[in-house]
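Remarks on the overall topology
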2 protein chains.
Amino acid sequence: MLNENKLELIERIGVFHEQRGMQPLMGRIFGLLLVLEEAEATFDEIVDYLNVSKSAVSNALNILQLQGHIAYKTKPGERKRYFFLTMDKWEEAMEKELCDISQVSSFMKDVLKERGNEKPEFNHHLQDLCNFMEFLKNKVPALFKEFRKSQS
Amino acid sequence: MLNENKLELIERIGVFHEQRGMQPLMGRIFGLLLVLEEAEATFDEIVDYLNVSKSAVSNALNILQLQGHIAYKTKPGERKRYFFLTMDKWEEAMEKELCDISQVSSFMKDVLKERGNEKPEFNHHLQDLCNFMEFLKNKVPALFKEFRKSQS
DNA sequence: TTTTTTGTTCTTTATTTGGAGAACTAACCG
DNA sequence: CGGTTAGTTCTCCAAATAAAGAACAAAAAA
């Protein structure tokens, strides 16, 4: 069993992800794989730790894998899968999330195309926003580069 | 009535926001206030344009106001409210959204505190992620400054 | 060959959600 | 005063979601 702190952390992490559109159990699994000392767990361990049904876990694991949040490895002579967070790819994930923000600009451009010039100030704000998002998207690689430099 | 393009845009914008956790109607109202030439609408106009009930609109408008996405003004001699997107504050909104990403670091730190040292590599990735989020948060003001400079 | 392990898939169910519609309210209007 | 405007609040309902549980399947073990 997990201690009180870890259980609470799992719930906090779960709620956090829920609020960002993940289904509840997915968020809990995310949390579990973060707080587990081994940083990995088998299907049955997840069922036991979180006290949920196999079907729910099967479902959640498949979605988490599709979204690239987790992966699994096997051990020689065992059929069990050991699921783990793909933490080694956090830079990719973060980059994707940053660029996602700036995807607003895709439809903002369409909005601008559709708008007349009755409200120039409003249009100007929209244009500014688009420009910033473009700026940000272009800036992301340099940002990572600068970060890595600052770390070494 | 709105033309086909605008209606389709409203739906696209609606779905976009839905996927980020907004309730459907809120996203549609967001879209409506973007594509309307006047960039504003009264309660009844929203009801008519989007073909929804008053109760739903009342609800959605209140939440959108609480979240700071929209505001309203009144016109002298009229009781009607004219709702509009608070586009003039897009920088604040964007800044908040950027900092939100880095709020992951709040519970990531707790995760690190809770973890032993059995998986140093995993812990290291976690630490890197925390560091990057801190880095990003600190970088946001400079980013805006640089953007404004590039625009002038 | 039968049983066990390691899941998956299908059907059912409880909960949540989002919105409809009607009743209500407060301000103004004639 | 009664009616109209501009919303709000309450009760109800339909649809979507998330998960339970049972049946199923494929591979390995006994």
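Above: the structure in question.
Overview of the structure. Everything quoted here is computed from the prediction, not taken from an experiment. (Residues numbered from 1 in each chain as written. Chains lettered and ligands numbered in written order. Predicted model: local features only at pLDDT ≥ 70, side-chain atom pairs only at ≥ 80, totals over all residues.)

1. Let's talk about the environment of Phe30(B)
Residue and element names in this part refer to chain B. For the record, the criterion: Secondary structure counts use DSSP, requiring at least four H or I residues in a row for a helix and at least two E residues in a row for a strand, with both numbered from the N terminus. By definition, residue pairs are in contact when their C-beta atoms, positioned from the backbone, come within 7 Å.
Note on placement: Phe30 falls in helix α2 (residues 24-35). Separated by 20 residues in sequence, Phe30 and Ile10 have C-alpha atoms that sit 7.9 Å apart. Once residues within four sequence positions are removed from consideration, Phe30 is found in contact with Ile13, His17 and His69.

2. Here's the deal with the protein's contact with DNA strand C
For the record, the criterion: In this entry, near means the residue's backbone-placed C-beta atom lies within 6 Å of the molecule or strand. Each residue is assigned to one of three groups, with Ala, Val, Leu, Ile, Met, Phe, Trp, Tyr, Cys and Pro labelled nonpolar, Asp, Glu, Lys and Arg labelled charged, and all others, Gly among them, labelled polar.
Taken together, the neighbourhood of DNA strand C is formed by 21 residues, with Phe43(A), Ser55(A), Gln23(B), Ser53(B) and Ser55(B) sitting nearest. Secondary structure elements with two or more residues in the surface near DNA strand C: α3 (43-50) and α4 (54-66) of chain A together with α2 and α4 (54-66) of chain B. If you tally residues by element for the surface near DNA strand C, the top one is α4(A), at 6 residues. Counted by class, the surface near DNA strand C contains 6 nonpolar, 8 polar and 7 charged residues.

3. Focus: the sheet that holds strand β2 (residues 70-74) of chain A
Residues and elements named next belong to chain A. For the record, the criterion: Each pair of strands is called paired provided DSSP finds at least two bridges between the two strands. Axis geometry follows a simple rule: fit a line to the C-alpha atoms, using only the stretch in contact for helices, then measure angles between N-to-C directions, giving values from 0 to 180 degrees.
As summarised here, the arrangement of the 3 strands in space is β1-β3-β2, forming an open sheet in which the pairing is antiparallel. The open sheet has two free edges, formed respectively by β1 (41-42) and β2, since each of these has just one partner strand. Relative to strand β3 (residues 81-85), β1 is paired through 2 bridges, and the arrangement is antiparallel. Bridge pairing in β3 places Ala41 opposite Phe83. Along the sheet face, helix α2 (residues 24-35) touches β1, β2 and β3 and points at about 90° away from the line of β3.

4. Some remarks on the relation of the copies chain A and chain B
The two chain copies are connected by a rotation around an axis plus a translation along it. The criterion, for reference: Each copy is superposed on the other by least squares, with the fit set by C-alpha atoms of residues at a pLDDT of at least 70 in both.
Rotating chain A by 180° about the axis while translating it 0.0 Å along that axis superimposes it on chain B, leaving an RMSD of 0.1 Å. Taken together, the rotation angle and the small translation identify this as a two-fold axis. Mapped onto chain B, 100% of the interface residues of chain A are again interface residues, and the two copies thus contact each other with one and the same surface.

5. Quick word on the nonpolar core
If you look at soluble globular proteins, the nonpolar side chains tend to sit buried side by side. This is how it is decided: Joined through C-beta atoms within 7 Å, a set of buried Ala, Val, Leu, Ile, Met, Phe, Trp, Tyr and Cys residues constitutes a nonpolar core. Here the C-beta atoms are placed from the backbone, and a residue counts as buried if at least 20 other C-beta atoms lie within 10 Å of its own, exposed if 12 or fewer do, and partly exposed otherwise.
Formed by 33 residues in total, the largest nonpolar core has its most connected members in Met26(B), Ile29(B), Leu32(B), Leu33(B), Leu34(B), Val35(B) and Ala60(B). Looking at this core, the elements that each hand over two or more residues are α7 (120-151) of chain A together with α1 (4-19), α2, α3 (43-50), α4 and β3 (81-85) of chain B. Counting residues per element, this core draws most heavily on α2(B), which supplies 8 residues. Among residues more than four places away in sequence, those in contact with Leu34(B) are Val111(A), Ile13(B) and Leu85(B). By size, the runner-up hydrophobic cluster in this structure holds 32 residues, among which are Ile13(A), Leu25(A), Val35(A) and Leu64(A).

6. With respect to the protein's contact with DNA strand D
Every one of the 21 residues lining DNA strand D counts as a neighbour, but Pro24(A), Ser53(A), Ser55(A), Phe43(B) and Ser55(B) are closest to it. Secondary-structure elements contributing two or more residues to the surface near DNA strand D are α2 and α4 of chain A together with α3 and α4 of chain B. Top contributing element to the surface near DNA strand D by residue count: α4(B), with 5 residues. Grouping the constituent residues of the surface near DNA strand D by class yields 6 nonpolar, 7 polar and 8 charged.

7. Examining the environment of Ser152(A)
One can find Ser152(A) in the segment after α7. Note: C-alpha distance between Ser152(A) and Asp110(A) (42 residues apart in sequence) is 43 Å.

8. Description of unusual backbone geometry
Positive phi outside glycine occurs at Asn51(A), with the angle close to 55°. Relative to the helices and strands, Asn51(A) resides in the loop between α3 and α4. The exposed category is assigned to Asn51(A), around which 7 C-beta atoms lie within 10 Å. In this structure, Ala39(B) is a non-glycine residue whose phi angle is positive, near 60°. Examined against the element boundaries, Ala39(B) turns out to sit in the loop between α2 and β1 (41-42).

9. Some words on the pairing of β2(A)
In summary, the side chains of a regular strand alternate between the two faces of the sheet. Residues and elements named next belong to chain A. Taken together, the 5 bridges between β2 and β3 define a ladder with antiparallel strand orientation. Note on β3: the bridge partner recorded for Ile70 is Leu85. Two successive antiparallel strands, β2 and β3, enclose a turn made up of 6 residues, where Gly77 displays a positive phi of approximately 80°.

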